[in-house]
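Here is what each chain is made of, one letter per residue.
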Amino acid sequence: MLYIGSHTSYLKDKQLLGVVEESLSYNSNAFMFYTGSNQSTLRFPINHELRDKAHALMKENNIDKRNCIVHAPFIINLANDSDEDKYNFYVNFLKNEIDRCIELDITKLVLHPGSYTNLDRQTGIENIAKGLNQALDDKEGIELLLEYMSGKGTEVGSSIDDLKGIIDLLHENVKDKVFVCLDTCHINDSGWDIKDFDKFLDEFDSKIGINKIKCIHINDSYNDVGSHKDRHANFGYGTIGFDKLINVVYNKRLDNIPKILETPWINRNEKNTYAPYKFEIEMIRKKEFVDYINL
Ligand code: FE
Ligand code: FE
Ligand code: ZN
């Protein structure tokens, strides 16, 4: 079964209900959102009435919460512990974010592993595992998904070996709560041609286990294989292209795993800017490219 959706906006006055309404307007049956700004740790209390209305609307429209995802803000960086106060702040913020997910009754949380900056990659890997061991130790009912990254700057998680390195260092009770979120733009930019996606999955399966993959971000890329840039392009408009992305979406080995679009909004001019998701989801369902941007 195809579960497809997109990034959506979580706004103060509509919260999860707004997310579900926006998703339905794109004909999605999956979605992802930040519980506030993706760039800051500012968060407001969860309104339970809106939450319950949102879950009722999901049920009415057959949206299974297993296909709904929260993305943690970018600023959490577990890879670098040079500043102890900062590191503890990130671990605590992650704990709070997990609690917010549980309160919202959304069980999947995507996290960027982090950047090692002035340290080295192996130390970064060890720091991430240390932070996850602390943050997840006593948490139940949450699946934390480490995102596969493009390798921009000193990002950790831009190879299967990086992710395996982190997972191998987790305590047994934490390991069961940690999974992986792939991202086609990031895989491309990290150095894998998406035409070799099955080879990528083979390697992933032998090193980590394919059952650890719980979500995949479907983005085209503006840049070439191995560019380490991380600039998402609209579906079929980038260097990966429509056919290779369709093959990922319909890959039998990832059937039933939610596919989330994080492609950029279309910006024709100041007054005419819109989300691409309704168009992209229709193209994906029909497996047919339509140049809707230039129509
Ligand atoms: Fe991400
Ligand atoms: Fe992503
Ligand atoms: Zn990205």
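Residues numbered from 1 in each chain as written. Chains lettered and ligands numbered in written order. Predicted model: local features only at pLDDT ≥ 70, side-chain atom pairs only at ≥ 80, totals over all residues. Heavy atoms only, no water.

### Brief notes about the coordination of the iron ion (ligand 2)
Those protein atoms acting as donors to the iron ion (ligand 2) are Glu147 (OE), Asp183 (OD), His217 (ND1) and Glu262 (OE), and they sit at 2.1 to 2.2 Å. Taken together, the 4 donor atoms coordinating the iron ion (ligand 2) and their angles of 82 to 173° define a geometry best described as irregular. Read N to C, the donor residues that coordinate the iron ion (ligand 2) are spaced as E-x35-D-x33-H-x44-E. If you look at the iron ion (ligand 2) and the iron ion (ligand 1), they sit 3.4 Å from each other and are both ligated by Glu147. Of this pair, His217 sits in strand E7 (residues 213-218) while Glu262 sits in the loop between strand E10 (259-261) and strand E11 (266-269), placing them 45 residues apart in sequence. (Donors = N, O, S within 2.8 Å, 3.2 Å for Na, K, Ca; no water. Tetrahedral: all angles 85-135°; square planar, octahedral: opposite > 155°, others 65-115°. Helix = DSSP H or I, 4+ residues; strand = E, 2+ residues; numbered from the N terminus.)

### Considering the coordination of the iron ion (ligand 1)
At this site the iron ion (ligand 1) is bound by His71 (NE2), His112 (NE2) and Glu147 (OE), with donor distances of 2.1 to 2.3 Å. In the primary sequence, the donor residues of the iron ion (ligand 1) line up as H-x40-H-x34-E.

### Comments concerning the pairing of E7
In terms of residue burial, E7 counts as a mostly covered element, since 5 of its 6 residues are buried. Bridge analysis of strand E6 (residues 178-183) against E7 gives 4 bridges, and the strand direction is parallel. Within E7, the position partnered with Leu182 by the bridge is Ile216. Here 3 bridges tie E7 to E10, and the two strands are oriented parallel to one another. The residue bridging Ile216 from the neighbouring strand is Lys259, located in E10. (Buried < 20%, exposed > 50% of the residue type's maximum accessible area, 1.4 Å probe, protein only. Pairing = 2+ DSSP bridges.)

### Points about helix H1 (residues 15-25)
Here H1 lies mainly inside the structure; 8 of its 11 residues are buried. Residues of H1 that are buried: Gln15, Leu16, Leu17, Gly18, Val19, Val20, Glu22 and Ser23. Among the structural elements, strand E1 (4-7), strand E2 (30-33), helix H2 (48-60) and helix H3 (84-104) are those in contact with the buried residues of H1. One or two positions beyond H1, positive phi appears at Asn27, with a value near 60°. (Contact = heavy atoms within 4.5 Å.)

### Notes on H3
Taking 1.5 Å as the rise per residue, H3 with 21 residues should run 30 Å; its terminal C-alpha atoms sit 30 Å apart, in good agreement. Turning to H3, its buried residues are Tyr87, Tyr90, Val91, Phe93, Leu94, Glu97, Ile98, Arg100, Cys101 and Leu104. Capping the start of H3, Asp83 holds a side-chain oxygen 3.1 Å from the backbone nitrogen of Asp85, two or three residues further along. Asp105 occupies a position one or two residues after H3 and carries a positive phi of about 60°. (Expected span 1.5 Å × (residues − 1). Polar contact = N/O pair within 3.5 Å; in protein donor to acceptor, adjacent residues only side chain to side chain.)

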